[in-house]
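Breakdown of the fold
Next come the chains, spelled out residue by residue.
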Amino acid sequence: MPGPASPKIVVTGATSIIGYFLLPRLVNAGYEVHAISRNRREKPGETDKKVFWHPVDISHPDQLPRINAQALIHLAPLWLLPPLLPILSSFQIKRVIGFGSTSLFSKAKSANDGEKQLVARFVTAEEDIMCRGSALKMNWTIFRPTLVYDCVHDKNIAVIARFIQRYGFFPLLGKALGLRQPVHADDLAGACIMALDQPITFCKAYNLSGGETLSYRRMVERIFNSLGKSVRFLSIPAWLFRSAIRVIMLMPGKRNMTPEMALRMNVDLCFDHTDATRDFGFSPRPFLPCWEDPKE
Ligand SMILES: NC(=O)c1ccc[n+]([C@@H]2O[C@H](COP(=O)([O-])OP(=O)(O)OC[C@H]3O[C@@H](n4cnc5c(N)ncnc54)[C@H](OP(=O)(O)O)[C@@H]3O)[C@@H](O)[C@H]2O)c1
């Protein structure tokens, strides 16, 4: 006799760095996972009978597959979530967790037009989720992570490591003493599992920072150490850094870089996660870079 059917859950942005850790955690927790992204990036032989992939562009909400799921975890850009809410509600999906970013605060006063637009999109998306979600009587939660890493797929720590591996040094602007709290993608995946069924997290937003606060300089030193390399910094004046980044931005795949990224090396980007610890036991690891893929 077949056992009871597994509860279903939908994950949008499933190929993101957080999705990489979240999907197996959901399967282990007994869910049948419906993973959505435009391009599936699964490795051959990695098929899991409990994970069903749907290649869908969610900027067309009508293309969302009708799945009789208990919840949706949204790892794609946050502004794609509000237009999905009425459809989810019509599918009787009432629990939603979405990922925004602490950039909402840290880039709020940026001089860069692209960053200002990004902040505006996060602000509008959060307001829309609060408004529409509440009107539809949905149990929404917004997570705002700080700098996300896993040392393999991320665009932060792994990029610094690749630079160090290639050139043997790392450029710093001034003393680079701005504080950072890198958060591991697997801790964010764990946060989803812990908060999913916790009513105390409904209709709230949480900042999710890492378990250690360290200066940008110390963070890069830790990356040198973990790679077994001697620490070699090159101190570069602000004007030269700005010009270099403007040139790099002209290269293919580097358009997202901004001079403001370098200028922030001396700015504290710290966010308290004690609300998340109190409400659902969020307990992120300290910053310990590890260069092996944990699933290989
Ligand atoms: N990385 C960080 O340091 C950081 C920091 C703070 C917050 N966050 C937030 O955490 C979440 C995950 O971050 P990430 O860096 O891993 O993001 P990412 O690599 O940009 O991944 C985004 C995901 O969304 C999917 N996606 C994007 N547009 C889509 C569309 N129109 N239809 C369907 N799927 C779409 C992408 O898959 P396809 O391209 O295959 O469609 C991918 O799976 C995001 O919400 C991000 O804002 C990240």
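Below, the structure is looked at part by part. Small disclaimer: the values here were computed from a predicted structure and weren't measured.

Moving on to the sheet that holds strand E2 (residues 32-37). Strand order in this open sheet of 7 strands is E3-E2-E1-E4-E5-E6-E11, and the pairing throughout is parallel. Each edge of the sheet is formed by a strand with only one pairing partner; in this case those strands are strand E3 (51-55) and strand E11 (204-208). The mean inter-strand angle of the sheet, taken between neighbouring strand axes irrespective of direction, is 15°. In this structure, strand E5 (residues 95-99) lies alongside strand E6 (residues 139-145), joined through 5 bridges in parallel fashion. Among the inter-strand pairings, Arg95 is bridged to a residue of E6, identified as Asn139.

Right, let's get into the side chain of Glu212. By the element assignment, Glu212 lies in the loop between E11 and strand E12 (214-215). Reaching out from Glu212, the side chain makes a polar contact with the side chain of Arg222 at a distance of 2.7 Å. Once you skip the residues sitting within four places of it in the chain, Glu212 turns out to touch Arg180, Gln181, Pro182, Arg222, Arg285, Pro286 and Phe287.

Our next topic: the pairing of E6. E6 sits mainly inside the fold: 6 of its 7 residues count as buried. In the sheet, E6 pairs with E11 via 5 bridges, with the strands oriented parallel. In the sheet register, Pro145 faces E11, and the bridge partner there is Leu208.

A few words now on the nonpolar core. Counting 35 residues, the largest nonpolar core has Val33, Ile73, Phe99, Phe143, Leu208 and Phe280 as its most contacted members. In this structure, Val33 is in contact with Ile9, Val11, Leu23, Leu26, Val27, Lys50, Val51 and Phe52, ignoring residues within four places of it in sequence. Core analysis: the second largest hydrophobic core is formed by 24 residues, Leu72, Leu84, Phe122 and Ile142 among them.

Turning our attention to the site of the ligand. Residues in close proximity to the ligand total 26 residues, the closest being Thr15, Ile17, Arg38, Asp57 and Ile58. One nitrogen or oxygen atom from the side chain of Thr15 is found 2.6 Å from an oxygen atom belonging to the ligand. Val148 places a main-chain nitrogen or oxygen 3.1 Å from an oxygen atom of the ligand. When the free accessible area of the ligand is taken as 880 Å², the share hidden by the protein chains comes to 82%. Here the shell around the ligand is built from residues that sort into 12 nonpolar, 10 polar and 4 charged.

Take the packing of aromatic side chains next. What the rule picks out here adds up to 14 aromatic pairs. Where Phe163 meets Tyr167, the ring centres are 4.6 Å apart and the plane angle is 50°; that geometry is what we call tilted. Here Phe163 and its partner Tyr167 are both found in helix H5 (residues 157-167), 4 residues apart, which amounts to about one turn of the helix. On the basis of relative accessible area, Phe163 is assigned to the partly exposed category, the value being 26%. Ring geometry for Phe280 and Phe282: centres 6.4 Å apart, planes at 45°, overall tilted. Through pairs of rings, three or more aromatic residues link up here, namely Phe99, Phe143, Tyr206, Phe280 and Phe282.

The rules behind the values
Residues numbered from 1 in each chain as written. Predicted model: local features only at pLDDT ≥ 70, side-chain atom pairs only at ≥ 80, totals over all residues. Heavy atoms only, no water. Pairing = 2+ DSSP bridges. Helix = DSSP H or I, 4+ residues; strand = E, 2+ residues; numbered from the N terminus. Axes fitted to C-alpha atoms, helices over the stretch in contact; angles between N-to-C directions. Polar contact = N/O pair within 3.5 Å; in protein donor to acceptor, adjacent residues only side chain to side chain. Contact = heavy atoms within 4.5 Å. Buried < 20%, exposed > 50% of the residue type's maximum accessible area, 1.4 Å probe, protein only. Core = buried A, V, L, I, M, F, W, Y, C linked by side-chain atoms within 4.5 Å. Near = heavy atom within 4 Å. Areas by Shrake-Rupley, 256 points an atom, 1.4 Å probe, with all protein chains shown as cover. Nonpolar A, V, L, I, M, F, W, Y, C, P; charged D, E, K, R; others polar. Phe/Tyr/Trp six-rings, centres within 6.5 Å; stacked < 30°, edge-to-face > 60°.

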